[in-house]
Structures are given as structure tokens and as C-alpha cells.
Amino acid sequence: MKLSSIFGAIRPGSKPDNWRRIEGRQWWLSLTGVLVSLLLTLGIVSFVLPAFIPGLGEYSIDTSLAVHGLVGLVLLFDLYVIFQQVQLFRVRKQSAEREELFRLITENAADLIAVVDGSGNRLYNSPSYQKFLGYSPEELSRTTGFEQIHPDDRQKVLEAAAEARRSGVGRSVEYRIRHKDGRWVPLESTASVVRSSSGLVEKLVIVNRDITERKDLEKRLLLSHKLEAIGRLSGGVAHDFNNLLGVILGYCEELQKHIPPEDPYREAVDEIQNAGKRAASLTQQLLAFSRKQVLEPQVLELNSIVGEAEKMLGRLIGEDISLEIVPGLQIGTVKADRSQIERVILNLAVNARDAMPQGGKVTIETADVELDETSHTLNRCSEPGPYVMLKVTDTGCGMDAELQSHIFEPFFTTKGQGTGLGLATVYGVVKQSGGYISVDSEPGKGTTFRIYLPRVSEAAGKIHELEPSGRTIPAHRTVLLVEDEQALRKLTRKMLLDMGLTVLEAKDGFQAIEIANQRETPIDLLLTDVIMPGMNGRALAETLSPQRPEMKVLYMSGYSDGVIAKHGIVEAGISILRKPFTRDELLQSVEDVAIGVAG
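Residues numbered from 1 in each chain as written. Predicted model: local features only at pLDDT ≥ 70, side-chain atom pairs only at ≥ 80, totals over all residues. Heavy atoms only, no water.

1. Considering the overall build of the chain
Here is step 1 of the chain: On a plain count of helices and strands, the chain comes out with 16 helices and 17 strands.
Here is step 2 of the chain: Here the chain holds 599 residues, and the buried ones make up 42% of them.
Here is step 3 of the chain: Contacts in the chain between residues at least 24 apart in sequence constitute 68% of all its contacts with a sequence separation of at least 6. (Helix = DSSP H or I, 4+ residues; strand = E, 2+ residues; numbered from the N terminus. Buried < 20%, exposed > 50% of the residue type's maximum accessible area, 1.4 Å probe, protein only. Contact = heavy atoms within 4.5 Å.)

2. Some remarks on a nonpolar patch on the surface
Here is step 1 of the chain: Where nonpolar side chains cluster on the molecular surface, the patch consists of L233, V237, F241 and L244 and spans about 370 Å² of accessible area.
Here is step 2 of the chain: Among the secondary structure elements, L244 is positioned in helix α7 (residues 212-258). (Patch = residues over 30% accessible without salt bridge, like charges linked within 9 Å, V, L, I, M, F, W, Y side chains within 5 Å. Areas by Shrake-Rupley, 256 points an atom, 1.4 Å probe, with all protein chains shown as cover. Salt bridge = Lys/Arg side-chain N within 4 Å of Asp/Glu carboxyl O.)

3. So, the sheet that holds strand β2 (residues 122-125)
Here is step 1 of the chain: Within the open sheet, the five strands sit side by side as β2-β1-β5-β4-β3. Their pairing is antiparallel. Taken across any chain shown, the strands that pair with only one partner, and hence form the sheet edges, are β2 and β3 (173-178). With strand direction ignored, the average angle separating the axes of adjacent strands in the sheet is 30°.
Here is step 2 of the chain: Across three bridges, strand β1 (residues 112-117) lies against β2 in antiparallel orientation. Its bridge partner lying in β2, V115 is registered against Y124. (Pairing = 2+ DSSP bridges. Axes fitted to C-alpha atoms, helices over the stretch in contact; angles between N-to-C directions.)

4. Things to note about the sheet that holds strand β14 (residues 502-506)
Here is step 1 of the chain: Pairing within the open sheet is parallel, and its five strands lie in the order β14-β13-β15-β16-β17. Looking along the sheet, the strands with just one partner apiece sit at the ends: β14 and β17 (576-578). Each adjacent strand pair in this sheet contributes to an overall mean axis angle of 20°, direction not counted.
Here is step 2 of the chain: The pairing of strand β13 (residues 478-482) with strand β15 (residues 525-529) spans four bridges and is classified as parallel. The residue of β15 that forms the bridge with L481 is L527.
Here is step 3 of the chain: Helix-sheet contacts for helix α14 (residues 509-518) involve β13 and β14, and the interaxial angle to β14 is about 135°.
Here is step 4 of the chain: In this fold helix α15 (residues 537-544) packs onto β13, β15 and β16 (552-557), with an angle of close to 155° to the strand it touches most, β15.

5. Here we look at the nonpolar core
Here is step 1 of the chain: Ranked by size, the top nonpolar core spans 36 residues in total, and within it I341, I345, L348, I364, I437, F449 and I451 carry the most contacts.
Here is step 2 of the chain: Going through the elements one at a time, α9 (302-317), β8 (333-336), α10 (338-354), β9 (360-371), β10 (385-394), α12 (422-432), β11 (436-441) and β12 (447-456) are the ones with two or more residues in this core.
Here is step 3 of the chain: When sequence neighbours within four positions are dropped, the list of residues in contact with L348 reads V392, L423, V426, F449 and I451.
Here is step 4 of the chain: In this structure, L504, I515, I531 and M532 belong to the second largest nonpolar core, which totals 22 residues. (Core = buried A, V, L, I, M, F, W, Y, C linked by side-chain atoms within 4.5 Å.)

6. As for the environment of A594
Here is step 1 of the chain: If you trace the backbone, A594 turns up in helix α16 (residues 583-594).
Here is step 2 of the chain: With 43 residues separating them in the primary sequence, A594 and M551 have C-alpha atoms 9.3 Å apart.

7. Quick look at α15
Here is step 1 of the chain: When α15 is considered as a whole, its buried residues turn out to be G537, R538, L540, A541 and L544. With its buried residues spanning 160° around the axis, α15 presents them on a single face.
Here is step 2 of the chain: Looking at the buried positions of α15, the neighbouring elements they touch are β13, α14, β15 and β16. (Arc of directions from axis to C-beta.)

8. Points about α9
Here is step 1 of the chain: Along α9, the largest kink reaches about 45° and is centred on E310.
Here is step 2 of the chain: Elements that come into contact with the buried residues of α9 comprise β6 (298-300), β7 (321-326), β8, α10, β9 and β10.
Here is step 3 of the chain: Looking one or two places after α9, you find G318, whose phi comes out positive at around 100°. (Bend = angle between axes of the 7 residues up to and from the residue.)

9. Things to note about the confidence of the model for the chain
Here is step 1 of the chain: Taken as a whole, the chain shows an average pLDDT of 78; of its residues, 78% reach a score of 70 or greater.
Here is step 2 of the chain: Below a pLDDT of 50 lies the segment residues 1-15, which in the model reaches 28 contacts outside its immediate sequence neighbourhood of four places, other chains included.
Here is step 3 of the chain: Low pLDDT, under 50, characterises residues 464-469; the predicted model gives this stretch four contacts beyond four residues in sequence or across chains. (pLDDT = per-residue confidence, 0-100.)

10. Considering unusual backbone geometry
Here is step 1 of the chain: In this model, K579 is joined to P580 through a cis peptide bond whose omega is -10°.
Here is step 2 of the chain: Looking at the secondary structure, you find P580 in the loop between β17 and α16.

Structural data, given as C-alpha cells:
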């Protein structure tokens, strides 16, 4: 239904046919009353004049008949008056009901309703204009309907209005309008035409809807799709890159064993190794951003993690920036990967430091929060419930809304240096941990990041430092090595041989099954890559384990890809060696798994 029809139905006088019918009835009743009055006057005159004018006596009428006629006319007039008042009462009642209905709709409508003439002059603005835009009716009356529109959008609004007047059909148009406080509010507008009796477009009824929330959701959806696409790419690149880094770091270790520290080429080898380690760290950030890294969650107390990081953060942010830790009292626990949460705190602190080149203050707070549907901090993409909040606040330069919309994108940076992966990594870790992150910032007023992690009822466990067991792998043990990357397989085979192990080598799962079927002696350990062409490591282990129940399994992987880890989380009883790994890390992992083989 057109808006002009709605307005005509709820407000008398706005629909010409109804109004003409009511007006005609009013005139008919008024003319009837005038006619009755004239007849009464004529009767009285005909009765009274003969008494005052003797010459008219012979024209006098029968008094009795005249009295009866006058009484009849009076009664008829009274009936007409009563009928007229009844009709007027009905009209007033209908008018009052429609006016009340119109008032309820316009005063409580969330949309902004306006009526303008053909020149854009305001004829009516609903009370929602003052509620949403801050302008009083008096302020609006002094302006046209186009003055508050953003200059860049004004032309398309004028074109839409002209098209509505020309075709008689309005179309939807999006534009920005200035709030009284100066900010721009996005609106979606639809116009309907009101025609005169001659069929000309006389007025436009315009309904404007605030689409701020929809625009925010569209931006988040676009960002989500963008991050997902980049995440898939970076995750795949990181997986292949980890294999190459494993070869580089492994052979650097081999060279370091044979090149003494005083050799002039030792420095070159050391620098290659350092570059490889930095590349490995960058790869881990890519995996964290793309949510492809394998998490090892445990029940944690954020207060203890923040407290342990305080000394390191003090050295990191510098002496010109003060650091304040405000731990919450008796806060709950969360279930997350400890190393990843430490990385989140580190990255947020570095981000705060870079926002304060002239010095300032960083505050890190923790607290229990309860979020429900009425919480103003509740993110649209989060679930209501109990959370533990980690808040990092700085007194730096702050950010405008446009900059905030890009900060979690990978490789986006305003510093002119760095990888642009710090906040992208934070976003990925928080999302993969089941939480969410929000940011509040204004230019010149600093920035506040709030991270909400789901609260759990379990108690935090003690942190045990991993130490070498001091035991050696029993001699004459056999390892089935399965790795599709030839260079890495060759290097890993050499490392295993140096440990005194017997190594069976396969390039994929099918060849590994064939080797296992041909070998009658025990295979003590299956060391397999996770992602391989044809058959993944998990499927290979599930195929061989029933045939060789004594065989232990150790996985190697750069990321989970949902094969080893369910939703990126390592299941109980599964051992995984992260790529790229060093000789010592390989020895430690093989030892930890293979010690059980010795019985």
C-alpha cells in the first residue's frame, strides 16, 4: 500500500473523495437549517403583519391553521437540528479517532516520516526527527528538506525526488544526513507521491530509516569474507613455507656442528638461522590470523598470565611509557592456549606503545563480566553469558571510525613499518578461542581494546615447565617416517639415524602401508606428516594402528586443517610436533613418545 493511501486512511482531509463527501453532507444540513428558518420566519411574518397593518386583514390566514403550521415547522426544524448534531458528533468522533491514531503512529514510529512540497519545503516532520537527529520542529521549519543531506549525496536525492514527481513512483535511495552534533547518519529513504484533484504531483511523503546497524553488519560481513579469503591463502602458504623453513633451520644446525665459532663463515650460517627463526615467527602469526594453528587449551587465570608478563612488558614498551596493572578480584578462569594468550597481550602492548611515540600510559585490567541482551557492550556476533574481560587502554593518538574498520585486516599498518599482522593475529587467536574483541577509540583520546573470553567453572591447573627426561631412546627401535616433502624427509631421516634409530622412509600414506605390510618385525613409532596428497596422516595412523597395536604415533604438521585437531584443538592422547622443528625439538618429541615403547 502506498504511504499516501495510509495517510489518507488515518487522517481526515487527506483523501479528497472522503473529504468532499463529508463537506457536501455538512453543506446540505446547513442549507436545510437555513430553509427551515426562512419558512418559520415567513410563517411568523404572515401571522403577525395583519395585526399591525389593518389593510392586510382581508389577507389574513386562519390562526389555528397558522399555529399548527408553525408548530410543525418548529418540530421539523428541531428534528433537523438533532439529526445535524448527530452527524457532526459522528464526524468529530471519527476525526478524533483518526487524529489519535495518526498521533500514535507518528510519535512512536522508529522511521523518520516527512511531507514536503514539490520544491522540497517541509510541510510535516514526525517527532522521530528530534529523537534521532536532535533537531527541534522549529529548527527544521527554517530549513529545506535537502540542507542537512551530505553534499556528496545531495544530487542523487534530488534526482530521486525529480523522478518521483515525474513518474509518480518513488524509489529507494541511501544517503547520509547530518546529526545536530555534526556526525553523519546513514538513512534509507522511500518516497510516495500525493496527487492533486487534477492528477498533478502535489506532495511527497518520505519515509527515512536509520540503517547504521545494517551498514555495520555489512562492513563486518565484508571484513569476515575478506579475512576468510586471505586466511585460506595465508594458511596454505604458511604450511608449505614451514616445510622449507624446516629444511633451512635443520641444515643450519648441521653446519653449526661442523663450523667452529671462530670460522669466518660461522657468522653467515648464524644469520641464516636467525632469519629462518624470524620467518618461522612470521609464519606462526599467519597461522594465528587464519585460525589454522593448533591450540593446546588449558584452564588459565588471566591475572597470573598478566602478572608474569608485567616485567617483560615494562622492558618492551620503554621507560617513557608507564604501565599499570589492575587485576580483577577473584575473577573466573578461561580455557585457552597459554602461549597464544601471552601473544595477544604482547601484541596489544606493542600496538599501544606505537600509538604513543611521545610517551603515555598503558593500563591492563581484568574483570568478570556478565553480558546479556541488554548489555551495551554485547557484540552482535557474541553469545550472552559469563565472560572474563581483558582490557588494554592507552593514552595515545586514537583512531577515527574509518581506521577502526581496517585495523584487524592483515598487512594493514599506519606505521610505515612492521608486518601489519599484530592485531590480525590477536583477532584470529581470540576468535579461535571462542571469544570476541571490541575496540573503542577517538582521535586524540586514546584507544581501549576489550577481549571477552568465555568463563569456565574449572580451577586453573599448575604450570609445569617441560624438562628433558634424561632418558635415552632404547636401541634397535624402528621408526616409519612418512613425509611428502623430499628435502625435509631427507633431513629428518638423517636426524633420526643420528639418534640411533632404524628408519623406514615413505613419501606418502600408500607407500607407508605397503612398507608396513612387507615388514614382519615391529614398527615402534610412526612419524607422519598430517597433510599429504592422497591420504592424510590421521587416516594412515587409523589404518596401521589396528594391525600394529604396539606402534606409537607422532604427527608432524604446520597447521591442523581440521585433520588432527577438532576445531583447531588437539585431542587428548595425540602427540604433535610443530613445524618447523629443530633437532632438539625432534629428539624431545620422539623421546617423549618412544619412551613408552621400551616398557
